[in-house]
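Analysis of the macromolecular model
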Amino acid sequence: MWFDPACPWAWVTSRWLLETEKVRPLDVSFHVMSLAVLNAGRDELDENYKNFLRTAWAPVRICIAAEQKYGNAVLRDLYTALGTRIHPGKQERGPELYAAALAEVGLDPALIEAGESTEYDDALRASHDAGMKPVGMDVGTPVIHAPGPDGGRVAIFGPVVTPAPKGEAAGRLWDGVVLVAGTPGFFELKRTRDVGPIFD
């Protein structure tokens, strides 16, 4: 799964995937994409979303710096530490939140400095592109790459779901996602959202 820690919909999808691991033979790995990278240069965005994107750089940079130092596996716990504070905790994104998340998972506190640095931006864009190019750049996050019917992989945006299904309901959603994503020529299922993200 490719995530931006600031995205509430990616957070819910990530919690669904972790539930799915309990009932299906699945091993979820997490990778970083960036809504700020995705939306760079889009002047038509409203000012509120532009402000959101300005504060979205630091957490993805910190995640990439942590991955560079400790390996990909560190993202699972770091994303959980960040996301729990940002989404159900409703804490403001900023240095205090990032420092607490890094401390919780036992990572070098100096990684917080990456949030205001461009040092890891090439690695960030490479991770972003690895997730987004197979699915197309006209979507956001969550993006998942799943097993395809021929042994390859299929990439999709979504599912956008709330709240995160639990138990066998999580497994059934996974089964359906893999089925439709693996269908040649399948592109989209959609309906209007009538509820915001629920973090329970």
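An account of the accompanying structure is given in this report. (Residues numbered from 1 in each chain as written. Predicted model: local features only at pLDDT ≥ 70, side-chain atom pairs only at ≥ 80, totals over all residues. Heavy atoms only, no water.)

Further remarks concern the overall build of the protein chain. Check the secondary structure of the protein chain and you find 8 helices and 4 strands. When the elements of the protein chain are put in sequence order from the N terminus, they spell out β-α-β-α-α-α-α-α-α-β-β-α. Taken over the C-alpha trace, the protein chain has a radius of gyration of 16 Å; the compact-globule value for 200 residues is 16 Å, and the two agree within 12%. Projected onto its principal axes, the C-alpha coordinates of the protein chain cover approximately 45 × 40 × 35 Å. For the protein chain, the residues scored as buried account for 48% of the 200 residues in total. A sequence separation of at least 24 residues applies to 68% of the contacts in the protein chain between residues at least 6 apart. Carbon and sulfur atoms make up 53% of the accessible area of the protein chain, which amounts to about 10300 Å² in all. On the protein chain, the mean spot of the 20 positive side-chain charges and the mean spot of the 27 negative ones are 4 Å from each other. (Helix = DSSP H or I, 4+ residues; strand = E, 2+ residues; numbered from the N terminus. Rg over C-alpha atoms; globule rule 2.2 N^0.38 Å. Buried < 20%, exposed > 50% of the residue type's maximum accessible area, 1.4 Å probe, protein only. Contact = heavy atoms within 4.5 Å. Areas by Shrake-Rupley, 256 points an atom, 1.4 Å probe, with all protein chains shown as cover. Lys, Arg positive; Asp, Glu negative; His and termini not counted. Charge placed at Lys NZ, Arg CZ, Asp CG, Glu CD.)

As a further point, take the packing of aromatic side chains. Under the defined criterion, the tally for this structure stands at 6 aromatic pairs. Consider the rings of Phe-3 and Tyr-79, whose centres lie 3.9 Å apart with planes at 15°: the pair is stacked. With Phe-3 in strand 1 (residues 2-3) and Tyr-79 in helix 5 (residues 74-86), the pair connects residues that are 76 residues apart, well separated along the chain. Across the pair, Tyr-79 and Phe-3 agree in class, each one buried. For the ring pair Trp-16 and Trp-174, a centre distance of 6.1 Å and an interplane angle of 45° mean the geometry is tilted. Of this pair, Trp-16 sits in helix 1 (residues 8-21) while Trp-174 sits in helix 8 (residues 167-181); the two residues are 158 residues apart in sequence, bridging distant segments of the chain. Take Trp-174: its relative accessible area is 10%, and that puts it in the buried class. An aromatic cluster of three or more residues is present, and its members are Phe-3, Trp-11, Phe-30 and Tyr-79. (Phe/Tyr/Trp six-rings, centres within 6.5 Å; stacked < 30°, edge-to-face > 60°.)

What follows is about the packing of helix 1 against helix 5. Viewed as axis vectors pointing N to C, helix 1 and helix 5 meet at an angle of 130°, and their least axial separation amounts to 11 Å. When the axis of helix 1 is compared with that of helix 5, the two are oblique. In this structure, the crossing between helix 1 and helix 5 has a hand that is left-handed. Every residue of helix 5 that contacts helix 1 at Ala-10, Trp-11, Ser-14, Arg-15, Leu-18 and Glu-21 is listed here: Arg-76, Tyr-79, Thr-80, Gly-83 and Thr-84. Class assignment for the residues of the contact of helix 1 with helix 5 results in 4 nonpolar, 4 polar and 3 charged. (Axes fitted to C-alpha atoms, helices over the stretch in contact; angles between N-to-C directions. Parallel < 35°, antiparallel > 145°, perpendicular 65-115°, else oblique. Left-handed = near helix turned anticlockwise from the far one by under 90°. Nonpolar A, V, L, I, M, F, W, Y, C, P; charged D, E, K, R; others polar.)

Another point: the layout of surface pockets. Its volume calculated, the largest pocket comes out at about 1500 Å³. Lining the largest pocket are 36 residues, with Phe-157, Gly-158, Pro-159, Val-160 and Leu-189 sitting closest to its centre. Only helix 1, strand 4 (153-157) and helix 8 provide two or more residues apiece to the lining of the largest pocket. The computed volume of the second largest pocket comes to approximately 220 Å³. Tallying contributions element by element places strand 3 (residues 143-147) first for the lining of the second largest pocket, with 4 residues. Of the residues belonging to the lining of the second largest pocket, the class tally is 9 nonpolar, 3 polar and 2 charged. (1 Å grid on protein atoms, 1.4 Å probe; cavity = no way out; pocket = protein on both sides within 12 Å on 5 of 7 lines; lining within 4 Å. Points joined across faces, edges and corners; volume = space filled by probe spheres on them.)

Consecutive residues of a regular strand have side chains that alternate between opposite faces of the sheet. Only one face of strand 4 is buried, namely the one carrying Val-154 and Ile-156, since none of Arg-153, Ala-155 and Phe-157 on the opposite face is buried. Where strand 3 meets strand 4, 5 bridges bridge the pair, whose relative direction is antiparallel. Across the sheet, the residue bridging to Ile-144 is Ile-156, located in strand 4. As consecutive antiparallel partners, strand 3 and strand 4 are separated by 5 residues, and within that stretch Gly-151 has a phi angle of approximately 90°, a positive value. (Pairing = 2+ DSSP bridges.)

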